[in-house]
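# Inside the fold
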Amino acid sequence: MLEIDHVTAGYGTLTALRDISVALEPGARLGVFGHNGAGKTTLLRCIVGAHAASAGSVRFNGEPIPPGRVPETVRRGLAFVPQGHNVFPNLSVERNLRVSGLLFDQSFIKEVLKVFPVLDERRAQRAGSMSGGEQQMLALGMALMTQPKWLLLDEPSTGLAPVIVRNVMAQMRKVNESFGTGLIVVEQNVPATLKLVDQALILKSGKAVFQGEAGELSAKPDLWEWF
Ligand SMILES: Nc1ncnc2c1ncn2[C@@H]1O[C@H](COP(=O)(O)OP(=O)(O)OP(=O)(O)O)[C@@H](O)[C@H]1O
Ligand SMILES: [Mg+2]
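Residues numbered from 1 in each chain as written. Chains lettered and ligands numbered in written order. Predicted model: local features only at pLDDT ≥ 70, side-chain atom pairs only at ≥ 80, totals over all residues. Heavy atoms only, no water.

## Points about a nonpolar patch on the surface
To keep it simple, the criterion reads: Patch membership is restricted to residues that have no salt bridge and whose relative accessible area is over 30%. Joining uses 9 Å for like charges and 5 Å for the nonpolar side chains Val, Leu, Ile, Met, Phe, Trp and Tyr. Areas reported as accessible are Shrake-Rupley estimates using a 1.4 Å probe. Residue values count occlusion only from the protein chains shown. The salt bridge criterion pairs a side-chain nitrogen of Lys or Arg with a carboxyl oxygen of Asp or Glu, the two atoms within 4 Å. Every helix listed is a DSSP run of H or I at least four residues long, and every strand listed is a run of E at least two residues long, numbered separately from the N terminus.
On the surface, F88, V99, L102 and L103 cluster together to form a nonpolar patch covering roughly 400 Å² of accessible area. Secondary-structure assignment places L102 in the loop between helix 3 (93–100) and helix 4 (109–115).

Listed below in structure tokens is the structure:
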């Protein structure tokens, strides 16, 4: 269970996140939405302990996630794929995967390549020469090499063509189904993400303005009014 308990966070005098609480069962899929500056990235950073909350706490299986100890948190099973390209461009696809899994079971690469056959075909290719969508897939694969219980993704579909977005969403679903990995996905592409997730959170100026079932949000005729 991953519990975000009354988390408030900011930068100096700016409050970026106000009193956010979310409780997620193992394998759950949460979509986090909101305009630029709404606090989405800050929330992900607080969950992995890359940013210290000013109030509240995050617990994973009942144990707190302390701020400032991200590598330890990754070893406990939380993987974070930040915004933008997160591959080592000059290394091959296979090297990228192996480097990410250095502290973990290297033989897991077989499972990752099974989920992403494209990466298997391209294992010798220099990562920097892959397309945007392929690099995003590689970033997902790299995060998987740590065999996470939770995968936190910051805008994984940004800059990708619609057909590639559908592909990336399908890969995330596959990861969730194959390994039971929970997903927390920050996205600007709300309709595509609502097909993937089962729960949704909309942030506005750091506050939760909607929190509930993804289906309930998709059914709202005034969906955009919430932003
Ligand atoms: N390192 C920082 N120092 C100061 N202010 C910051 C810092 N990081 C974020 N902020 C501010 O905190 C607020 C929330 O930022 P955050 O990055 O969480 O938003 P976001 O919802 O991820 O936005 P986007 O969709 O543009 O990525 C914004 O007002 C932003 O300017
Ligand atoms: Mg952001």
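So that's the structure; there's more coming.
## Topic: the site of ligand 1
Here is the rule: A cutoff of 4 Å decides nearness: a residue is near a molecule or strand if any of its heavy atoms lies inside that distance of it. Identification of polar contacts relies on pairs of N or O atoms within 3.5 Å, with a donor-acceptor requirement for protein atoms, meaning one able to donate a hydrogen and the other able to accept it, and with residues adjacent in sequence counted only if both atoms are side-chain atoms.
If you check the shell around ligand 1, you find 14 residues, and the closest are N36, G37, K40, T41 and T42. Taking E155, its side chain carries an N or O atom lying 3.4 Å from an oxygen atom of ligand 1. Considered on its own, ligand 1 offers 640 Å² of accessible surface; in the complex 60% of this is hidden by protein. When contributions to the shell around ligand 1 are tallied by element, the ones reaching two or more residues are strand 2 (14–24) and helix 1 (40–48).

## What about the side chain of T73?
For clarity, the cut-off: Burial classes: relative accessible area under 20% of the type maximum marks a residue as buried, over 50% as exposed, and values in between as partly exposed (1.4 Å probe, protein chains only). Between two residues, a contact is recorded if the distance between any of their heavy atoms is within 4.5 Å.
Among the structural elements, T73 can be located in helix 2 (residues 70–76). Taking relative accessible area as the criterion, T73 reaches 2% and is therefore assigned buried. When residues no more than four places from it in sequence are discounted, the contact partners of T73 are V48, I65 and L78.

## Concerning the pairing of strand 8 (residues 182–186)
Defined as follows: At least two DSSP bridges between two strands are required for those strands to pair. When the strands point away from the viewer and the connection leading from the first strand across the helix to the second strand turns clockwise, the crossover is called right-handed.
A large share of strand 8 lies buried, amounting to five of its five residues. Inspection of the sheet shows strand 7 (residues 150–154) paired to strand 8 by five bridges, in the parallel sense. The residue bridging L153 from the neighbouring strand is V185, located in strand 8. In this region the chain leaves strand 7, passes through helix 7 (residues 162–179) and returns to the parallel neighbour strand 8; the handedness of that crossover is right-handed.

## A few points about the packing of helix 3 against helix 6 (residues 132–144)
This is how it is decided: Only the contacting stretch of a helix is used when fitting its axis, a line to C-alpha atoms as for every element, and angles between N-to-C directions run 0 to 180 degrees. In what follows, roughly perpendicular refers to angles from 65 to 115 degrees, roughly parallel to angles under 35, roughly antiparallel to angles over 145, and oblique to any angle outside these ranges. Take the far helix as your reference; a near helix turned counterclockwise from it by less than a right angle gives a left-handed crossing, and one turned clockwise gives a right-handed crossing. Only Asp, Glu, Lys and Arg are considered charged, only Ala, Val, Leu, Ile, Met, Phe, Trp, Tyr, Cys and Pro nonpolar, and every remaining residue, Gly among them, polar.
Two numbers describe how helix 3 lies on helix 6: the axes approach to 8 Å, and their chain directions differ by 30°. Taken together, helix 3 and helix 6 sit at an angle that is classed as roughly parallel. Considering only the axes of helix 3 and helix 6, their crossing is right-handed. Contacts between helix 3 and helix 6 involve V93, N96, L97 and S100 on the former and, on the latter, L138, G141 and M142. Class assignment for the residues of the contact of helix 3 with helix 6 results in four nonpolar, three polar and no charged.

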